[in-house]
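So you can see what is in the structure, the chains are spelled out below.
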Amino acid sequence: MKIGKRMLVLGGVALIAAAGYTTMALAQQSQDASTPKGWNYEIRDGKRVPKGNRVTNPDGSWREEVKQGNCVTIKERSAAGEYKETRQCNPGNPS
């Protein structure tokens, strides 16, 4: 009878340990997952960050536009390595 109780207790402890491990593994997977294609934002540090529309040229230069509300931030990098960032905000339409 003592052996039966002991086995039951050990089985319960093993079941709880396995459930805890599974929960940790799932939590880690959800943090490592990248944002699916087609979404207009990324998740960084648990916050939504808008994705930019980046166009890369064969010479290595690129241009990226990020829209945030009424503002557009344009980031450009030339083939020579020069970086330029401009931000333009248009006031909303008065209603």
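Residues numbered from 1 in each chain as written. Predicted model: local features only at pLDDT ≥ 70, side-chain atom pairs only at ≥ 80, totals over all residues. Heavy atoms only, no water.

Help me understand the pairing of strand β2 (residues 47-50), please; the structure alone is not making it clear to me.
Every regular strand shows the same layout, with side chains that alternate between the two sheet faces. As judged from the four bridges shared by strand β1 (residues 41-44) and β2, these two strands associate in the antiparallel manner. By the bridge assignment for β2, Y41 is matched with P50. Where β1 hands over to β2, the hairpin turn is made up of two residues, of which D45 adopts a positive phi near 55 degrees. (Pairing = 2+ DSSP bridges. Helix = DSSP H or I, 4+ residues; strand = E, 2+ residues; numbered from the N terminus.)

What exactly am I supposed to notice about the packing of aromatic side chains here?
Remark: the centre distance and the inter-plane angle together describe each pair of aromatic rings, the angle taken between the planes. Inspection of every chain in the model, using the stated rule, returns one aromatic pair. Centre to centre, the rings of W62 and Y83 are 6.3 Å apart; their planes meet at 55 degrees, and the pair counts as tilted. With W62 in strand β4 (residues 62-68) and Y83 in strand β6 (residues 83-89), this pair connects stretches of sequence that are 21 residues apart. Here the basic side chain of R48 rests over the ring of Y41, its NZ or CZ set 4.1 Å away from the ring centre. Lying over the aromatic face of W62, R54 brings its terminal NZ or CZ to 3.8 Å of the ring centre. (Phe/Tyr/Trp six-rings, centres within 6.5 Å; stacked < 30°, edge-to-face > 60°. Lys NZ or Arg CZ within 6 Å of the ring centre and 35° of its normal.)

What's the story with the sheet that holds β6 in this structure? I'm lost.
By definition, the strands of a sheet pair up through backbone hydrogen bonds, in either a parallel or an antiparallel sense. Pairing is antiparallel across the open sheet formed by four strands, whose spatial order is β3-β4-β5-β6. Of all the strands in the sheet, the pair left with one neighbour each is β3 (53-56) and β6. If you compare each strand with its neighbour and ignore which way they point, the axes differ by 10 degrees on average. The pairing of β3 with β4 spans four bridges and is classified as antiparallel. Residue pairing across strands places V55 opposite R63, the latter belonging to β4. (Axes fitted to C-alpha atoms, helices over the stretch in contact; angles between N-to-C directions.)

From the geometry alone we can't say anything about function, so treat these as descriptive.
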